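Letter by letter, the chains look like this.
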Amino acid sequence: MNNIIIKNLSLMYGKKQVLKNISQEIEEKKITAIIGPSGCGKSSLLRCINRMNELIPESIVEGEILFHNKNIYAPDTDVTEVRQKIGMVFQKANPFPKSIYDNVAYGLRINGTKDKKKISEIVEKTLHDCGLLDEVKDRLNSSAIQLSGGQQQRLCIARALAIEPEIILMDEPCSALDPSSTFKIEELMMKLKEKYTVIIVTHNMQQAARASDITGFLYMGELIEYGATNTLFTNPKEKLTEDYISGNFG
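Here's a quick rundown of the structure. (Residues numbered from 1 in each chain as written. Predicted model: local features only at pLDDT ≥ 70, side-chain atom pairs only at ≥ 80, totals over all residues. Heavy atoms only, no water.)

1. Considering the state of the cysteines
Rules: Two cysteine sulfurs form what is called a disulfide whenever their separation falls within 2.5 Å. Exposure categories follow from relative accessible area, calculated using a 1.4 Å probe and restricted to protein chains: below 20% of the type maximum is buried, above 50% is exposed, and the middle band is partly exposed.
By the definition in use, this model includes zero disulfides. Sulfur of cysteine 40: no disulfide; nearest cysteine sulfur belongs to cysteine 48 and is 13 Å away. For cysteine 40, a relative accessible area of 3% gives the class buried. Left unpaired, cysteine 156 is separated from the closest cysteine sulfur, that of cysteine 130, by 10 Å. A relative accessible area of 4% means that cysteine 156 is categorised as buried.

2. Some points on the packing of helix α4 (residues 116-129) against helix α6 (residues 149-162)
In plain terms, the rule: Angles shown run from 0 to 180 degrees and are taken between the N-to-C directions of axes, each axis being a line fitted to C-alpha atoms and, for helices, limited to the stretch in contact. For the purposes of this entry, the term helix denotes a DSSP run of H or I that reaches at least four residues, the term strand denotes a run of E that reaches at least two, and both are numbered from the N terminus. Angle categories: roughly parallel below 35 degrees, roughly antiparallel above 145, roughly perpendicular from 65 to 115, and oblique for all the rest. Crossing handedness: left-handed means the near helix sits turned counterclockwise from the far one by under a right angle, and right-handed means the same turn made clockwise. Any two residues having at least one pair of non-hydrogen atoms within 4.5 Å are treated as being in contact. Three classes are used: nonpolar for Ala, Val, Leu, Ile, Met, Phe, Trp, Tyr, Cys and Pro, charged for Asp, Glu, Lys and Arg, and polar for all others, with Gly counted as polar.
Close contact between α4 and α6 brings their axes to 9 Å; oriented N to C, the two are set at 130°. Comparing their axes, α6 and α4 come out oblique. For the element pair α4 and α6, the recorded crossing hand is right-handed. For the pair α4 and α6, contact is made by Ile122, Thr126 and Leu127 and by Leu155, Ala158, Leu161 and Ala162, respectively. In terms of residue class, the contact of α4 with α6 is built from six nonpolar, one polar and no charged.

3. Notes on the packing of aromatic side chains
Cut-off, in case you're wondering: Put simply, two rings from Phe, Tyr or Trp (the six-membered ring, in Trp's case) pair if the centres are within 6.5 Å, and we call them stacked under 30 degrees between planes, edge-to-face over 60, tilted for the rest. The rule for a charge over a ring is simple: NZ of Lys or CZ of Arg within 6 Å of the ring centre, and within 35 degrees of the ring normal.
Using the criterion set out here, one finds three aromatic pairs in the structure. Both rings, one in phenylalanine 217 and one in tyrosine 219, keep their centres 6.3 Å apart while their planes meet at 25°; by these two values the pair is stacked. Aromatic pair phenylalanine 217 and tyrosine 244: ring centres 5.0 Å apart, planes at 15°, arrangement stacked. Placement of phenylalanine 217 in strand β9 (residues 214-219) and of tyrosine 244 in helix α10 (residues 239-245) is noted, with a sequence separation of 27 residues between them. As far as the burial class goes, phenylalanine 217 and tyrosine 244 line up, both buried. Through pairs of rings, three or more aromatic residues link up here, namely Phe217, Tyr219 and Tyr244. The side chain of arginine 159 reaches across the aromatic face of phenylalanine 96, ending 4.0 Å from its centre.

4. Focus: helix α7 (residues 179-192)
To keep things clear, this is the line we draw: To estimate the expected span of a helix, count its residues, drop one, and scale the result by 1.5 Å. Comment: arc refers to directions from the helix axis out to C-beta atoms. Polar contact is defined as a pair of N or O atoms within 3.5 Å, subject to the rule that within protein one atom must be able to donate a hydrogen and the other to accept it, and that residues adjacent in sequence are counted only when both atoms are side-chain atoms.
Taking 1.5 Å as the rise per residue, α7 with 14 residues should run 20 Å; its terminal C-alpha atoms sit 20 Å apart, in good agreement. Among all positions of α7, only Ser181, Thr182, Ile185, Glu186, Leu188, Met189 and Leu192 are buried. All buried residues of α7 fall inside an arc of 160° around its axis, so they share one side. Where α7 starts, the residue carrying a side-chain oxygen 3.0 Å from the main-chain nitrogen of serine 180 turns out to be aspartate 178.

5. A look at the pattern of salt bridges
As a reminder, the rule being used: In what follows, salt bridge is the name for a side-chain nitrogen of Lys or Arg lying within 4 Å of a carboxyl oxygen of Asp or Glu.
Per the stated rule, a full pass over the model turns up 12 salt bridges. The partner of aspartate 243 in a salt bridge is lysine 239, and the shortest N-O contact between them spans 2.9 Å. Residue aspartate 243 and its partner lysine 239 are located together in helix α10, separated by four residues, close to a single helical turn. A relative accessible area of 15% means that aspartate 243 is categorised as buried. Take lysine 239: its relative accessible area is 57%, and that puts it in the exposed class. Salt bridges sharing partners connect three or more residues here, namely Glu135, Arg154 and Lys184.

6. Looking at the pairing of strand β6 (residues 86-89)
Consecutive side chains of a regular strand alternate in pointing toward one face of the sheet and then the other. Selection criterion: Paired strands, as defined in this entry, are two strands with at least two bridges between them according to DSSP.
Here β6 shows a buried face lined by Ile86 and Met88 and a second buried face lined by Gly87 and Val89. Sheet topology note: the β6/strand β7 (residues 167-171) ladder contains four bridges and is parallel. Across the sheet, valine 89 pairs through a bridge with methionine 170, a residue of β7.

7. Considering the sheet that holds β9
Overall, mixed pairing links the six strands, which are arranged β6-β7-β8-β3-β9-β10 in an open sheet. Each having just a single partner strand, β6 and β10 (222-228) make up the two edges of the open sheet. Shown here is a sheet whose adjacent strand axes are inclined to one another by a mean of 15°, direction ignored. Pairing between strand β3 (residues 31-35) and strand β8 (residues 197-201): four bridges, direction parallel. Looking at the pairing, isoleucine 31 lines up with valine 198 of β8. Running at roughly 155° to β7, helix α1 (residues 42-49) makes contact with β3, β6, β7, β8 and β9 of the sheet. α7 rests against β3, β7 and β8 of the sheet, and its axis sits at about 150° to β8.

Spelled out as structure tokens, the structure:
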């Protein structure tokens, strides 16, 4: 099964081509890791999947991304709905300067949920699902900015989950975290794939090998190889992939 199909996707920032004719189906309820050297287009590819690139001036997207067989770049697409169903967690934790509770409730309120009991239930459940509830239950009304970096990142994941997306995009979510916090995020990702499709961009190949089911190797805007993580890391088909994962460049 898959709920994202990328077809002939190219991306330009002005005159610079960032992605070149990428086609790939993303499997449902799996963790897909996108690896590759800095500047190869990993984050740009991720941002195409929920139309975040439109926020960058002079970006031009060609090709299609099908979500439930509908092209998200079709003129009649509701972008807000796309971003609701395809949530995003960024490299740097970005909690709002509000309470822990209000951070998680934010998306629900924006989308029109007014029932306070329902909001409280969802806040509690998503914090629990992200392994945060026990750590913060006595200070839900305290500022989210006071949390540690790892806790802030899990809070941002909880905020994304509260509006019930189907896909979670994670752009290097552990790059600023210590090993213990990284372990908690990886553990959380493995739990999330029971319900969600998770796509993670990571510069950390050990993380991709540990946490993902499927890995795609991007180089100079091209998808060089894509397949089961174990196979790609132990028996890559392409010489370029082998050179990258063995540390010959990148």
